[in-house]
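The residues making up each chain are set out below.
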Amino acid sequence: MNLFVTSSPAWPVFAQGLALSLGLIVAIGAQNAFVLRQGLRREHVGAVVVFCALADALLIAAGVWGMAQALGERPGLARALALAGAAFLAVYGWQALRRARQAQQLIAAEGTQGLSLRAVVLQAAAFTLLNPHVYLDTVLLVGSIGAQQPPGLRSAFVAGASVASALWFGLLGFGARWLAPWFARPRAWQVLDGLIGVTMCALSVMLLRHALTAF
């Protein structure tokens, strides 16, 4: 399959979507704490992971192809969004580098009362869809960046971003027993935030170059 051949033009686009999505999703937040909690409890883990990954994939796809249609006849708006996205990623990267200097933890209490599958899925939906940042990050930012890829490569970008979500939620849910002690170490998050900061700053530079040369 050409998508996974490193010489294919789709590969850098796939990798860009993967890196961008990972940088945005790997953070200390309510959704990640919920997935980690369900993994620790070993309670409906598969349903939670599948729901979160599919929700992200649908939002990413809707953002990319929706923004592509909206920007198709508006090159000025496309450039403005590219510049805004570059600025956002630069600020996000700078904030991640600042967080790397501070001690943070992701701790999920196991709790005592079991939940039904319906209740767990409803909670996963609330943590995913009622968070306003998901629409800013996933639909607007990821969507606008993906929409500016060549039409034939947008699916590779969506695939990369979606794979990142699936890998992260799968690792968080099914690897909870092993990851929980690691996530409870502030040093681990400092290293992770440092990597995220460098990645986001690099993506910001790439997007800025694209905005200044492609339009």
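Placed above this text is the structure.
Anyway, here's the lowdown on the structure attached to this text. (Residues numbered from 1 in each chain as written. Predicted model: local features only at pLDDT ≥ 70, side-chain atom pairs only at ≥ 80, totals over all residues. Heavy atoms only, no water.)

### What about the overall build of the chain?
- Scanning the chain for helices and strands turns up nine helices and zero strands.
- Secondary structure elements of the chain occur, N-terminal to C-terminal, as α-α-α-α-α-α-α-α-α.
- Looking at the chain residue by residue over its 215 residues, the buried ones come to 47%.
- A total accessible area of about 10800 Å² is found for the chain, and carbon and sulfur atoms account for 66% of it. (Helix = DSSP H or I, 4+ residues; strand = E, 2+ residues; numbered from the N terminus. Buried < 20%, exposed > 50% of the residue type's maximum accessible area, 1.4 Å probe, protein only. Areas by Shrake-Rupley, 256 points an atom, 1.4 Å probe, with all protein chains shown as cover.)

### Details of the environment of Gly-66
- Looking at the element boundaries, Gly-66 is found in helix 3 (residues 45–71).
- Residue Gly-66 is classed as partly exposed on the basis of its relative accessible area, which comes to 36%.
- The sequence separation of Gly-66 and Ala-147 amounts to 81 residues, and the corresponding C-alpha distance is 8.0 Å.

### A short note on helix 2 (residues 30–41)
- The end-to-end C-alpha separation of helix 2 is 16 Å, in line with the 16 Å expected for twelve residues at 1.5 Å each.
- The buried fraction of helix 2 amounts to eleven of the twelve residues, a majority that puts the element mostly inside the structure.
- Looking at helix 2, one finds that the buried residues are Gln-31, Asn-32, Ala-33, Phe-34, Val-35, Leu-36, Arg-37, Gln-38, Gly-39, Leu-40 and Arg-41.
- One or two steps after helix 2, the chain reaches Arg-42, where phi turns positive at roughly 55°. (Expected span 1.5 Å × (residues − 1).)

### Observations concerning the nonpolar core
- Of all hydrophobic cores here, the largest spans 45 residues; its most connected members are Leu-20, Leu-89 and Met-200.
- Among the elements that take part in this core, helix 7 (residues 154–174) stands out by supplying seven residues, more than any other.
- Leu-20 has contacts with Leu-89, Val-142, Ile-145, Phe-157, Met-200 and Leu-203, leaving out every residue within four places of it along the chain. (Core = buried A, V, L, I, M, F, W, Y, C linked by side-chain atoms within 4.5 Å. Contact = heavy atoms within 4.5 Å.)

### Some words on the pattern of salt bridges
- Applying the stated criterion to the full structure yields one salt bridge.
- Of the charged contacts, one joins Glu-43 and Arg-41 as a salt bridge, the two residues approaching to 3.0 Å between their closest N and O atoms. Comparing Glu-43 with Arg-41 shows no difference in burial state: the two are buried. (Salt bridge = Lys/Arg side-chain N within 4 Å of Asp/Glu carboxyl O.)

### Side note on the side chain of Thr-128
- Mapped onto the elements of the fold, Thr-128 is located in helix 5 (residues 117–129).
- In this view, Thr-128 contacts Gln-31, Phe-51, Cys-52, Ala-55 and Val-134; residues no more than four positions away in its chain are not counted.

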